[in-house]
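A structural walkthrough
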Amino acid sequence: MLDHGTGRLGALIRDGLAAAQAVARAQDLPGGDPVILSCRGNLVVHLAPAPVVAKVATLTAWTRRRPADWLAREVSVAGYAAAHGGPIVPPSGLADPGPHHSGGLAVSLWTYLPPAAEQPGPAEVGTALAALHRSLDGYPPGLPWLSPALDQVSEGLAALEAGHVLDPARLAALRTRHAEIIAGLDRVDGTAVVLHGDAHGRNLLASPDGWRWIDLEETCQGPLAWDLAVLAAGYGPASEESQAALDAYAAASGRPVPGPGALAPFARARDLEAAVWALGMAHQYPARYREIAGTMLARVLR
């Protein structure tokens, strides 16, 4: 069990909890008995007894220049998907979903789903992603282009440099790798669609009506291959599970799925994004992320 009481992380969690409760009061929500659901990247709080969840940009804010913008896009895209029948946990309908600002932190409000132990199988994830993409057809233009591969990495590297987290040689190597990956993505053709941005099975929650997507902070526009590469990467390259997820997506969407060669540039970009994100998390929450960040860094610099 994480000790919330001491250190920088403990202070950030306390500040995030205070921000969530302040927003609840401002929105006239009876959130006097809050329950922390997660503190891995954002602080996620059930504002009990209200059926509302507050997402507070805490650890993630360190790696993003304007964290509220990421929450605002998530609220907008998730709201559109919900209005068009998408399998999504919608923004709260009991209050302004925000994002709000309290104590220097950005806060968004969401519909509460009770925790469930079930995990989706690969085919269920692929099918749910196809349904989400269908619901986002017609979303107005204006989302950033491939923000997980571009902004998430560049802003994360800037934060690592400002925090003196990495030595100059490794920081330079990561920037060189990023430039190479961007050049590869620029050569990829593909119709732009609205993407989840972080579409893996751990971002699905069970509901009485089926699986529902969460965590669309990295939503953006870009080639469909980004979401499919992230989907496949969640199970490991060329695994039976990843193929099952991709096959289910193709069957449910009626869209052909790109082959491994077409997905490879996006998989490399995802690996780099994950490594930079993990390094930022490890700087703030070493007990949870230090080991995995080191493994990811070694892999992308090989």
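Just so you know, these numbers come straight off a predicted model, no measurement behind them.

**So, the environment of alanine 298**
Tracing the sequence through the fold places alanine 298 in helix 9 (residues 286-301). The exposure class assigned to alanine 298 is partly exposed, which follows from its relative accessible area of 40%. Counting along the chain gives 23 residues from alanine 298 to alanine 275, while the straight-line C-alpha distance between them is 8.9 Å.

**Details of the packing of aromatic side chains**
Across all of its chains, the model carries three aromatic pairs by this definition. Ring centres 5.4 Å apart and planes at 85° place the aromatic pair tryptophan 277 and tyrosine 289 in the edge-to-face group. Here tryptophan 277 is found in helix 8 (residues 260-284), whereas its partner tyrosine 289 is found in helix 9, with twelve residues between them in sequence. Taking the relative accessible area as the measure of exposure, tryptophan 277 reaches 26% and is therefore partly exposed. Between the aromatic rings of tyrosine 285 and tyrosine 289, the centroid separation amounts to 5.7 Å while the plane-to-plane angle is 80°, which identifies the pairing as edge-to-face. On the basis of relative accessible area, tyrosine 289 is assigned to the buried category, the value being 8%. Through pairs of rings, three or more aromatic residues link up here, namely Trp277, Tyr285 and Tyr289. Taking the ring centre of tryptophan 70 as reference, the NZ or CZ of arginine 64 above it sits at 4.2 Å. In this structure, arginine 73 is placed above the aromatic ring of tryptophan 70, and the distance from its NZ or CZ to the ring centre is 5.1 Å.

**Re the nonpolar core**
Counting 85 residues, the largest nonpolar core has Leu47, Leu109, Leu129, Leu174, Trp213, Trp226 and Leu228 as its most contacted members. Ranked by residue count, the leading element in this core is helix 8, at ten residues. Dropping the residues within four chain positions of it, leucine 129 is found in contact with His196, Ala199, Trp213, Asp227, Leu228, Leu231 and Tyr249.

**Observations concerning the pattern of salt bridges**
All chains considered together, the criterion is met by twelve salt bridges. Aspartate 209 is paired through a salt bridge with arginine 212; the nearest N and O atoms lie 3.7 Å apart. Through salt bridges that share partners, Lys55, Arg64, Glu74, Asp215, Glu217 and Glu218 make up one connected network.

**Re the environment of glutamate 241**
The residue glutamate 241 is located in helix 7 (residues 240-253) in this model. Assessed through its relative accessible area of 39%, glutamate 241 is described here as partly exposed. Between the C-alpha atoms of glutamate 241 and alanine 123, which are 118 residues apart in sequence, the distance is 8.2 Å. Each residue touching glutamate 241, except ones within four places of it in the same chain, is listed here: Pro122 and Tyr235.

Rules behind the numbers
Residues numbered from 1 in each chain as written. Predicted model: local features only at pLDDT ≥ 70, side-chain atom pairs only at ≥ 80, totals over all residues. Heavy atoms only, no water. Helix = DSSP H or I, 4+ residues; strand = E, 2+ residues; numbered from the N terminus. Buried < 20%, exposed > 50% of the residue type's maximum accessible area, 1.4 Å probe, protein only. Phe/Tyr/Trp six-rings, centres within 6.5 Å; stacked < 30°, edge-to-face > 60°. Lys NZ or Arg CZ within 6 Å of the ring centre and 35° of its normal. Core = buried A, V, L, I, M, F, W, Y, C linked by side-chain atoms within 4.5 Å. Contact = heavy atoms within 4.5 Å. Salt bridge = Lys/Arg side-chain N within 4 Å of Asp/Glu carboxyl O.

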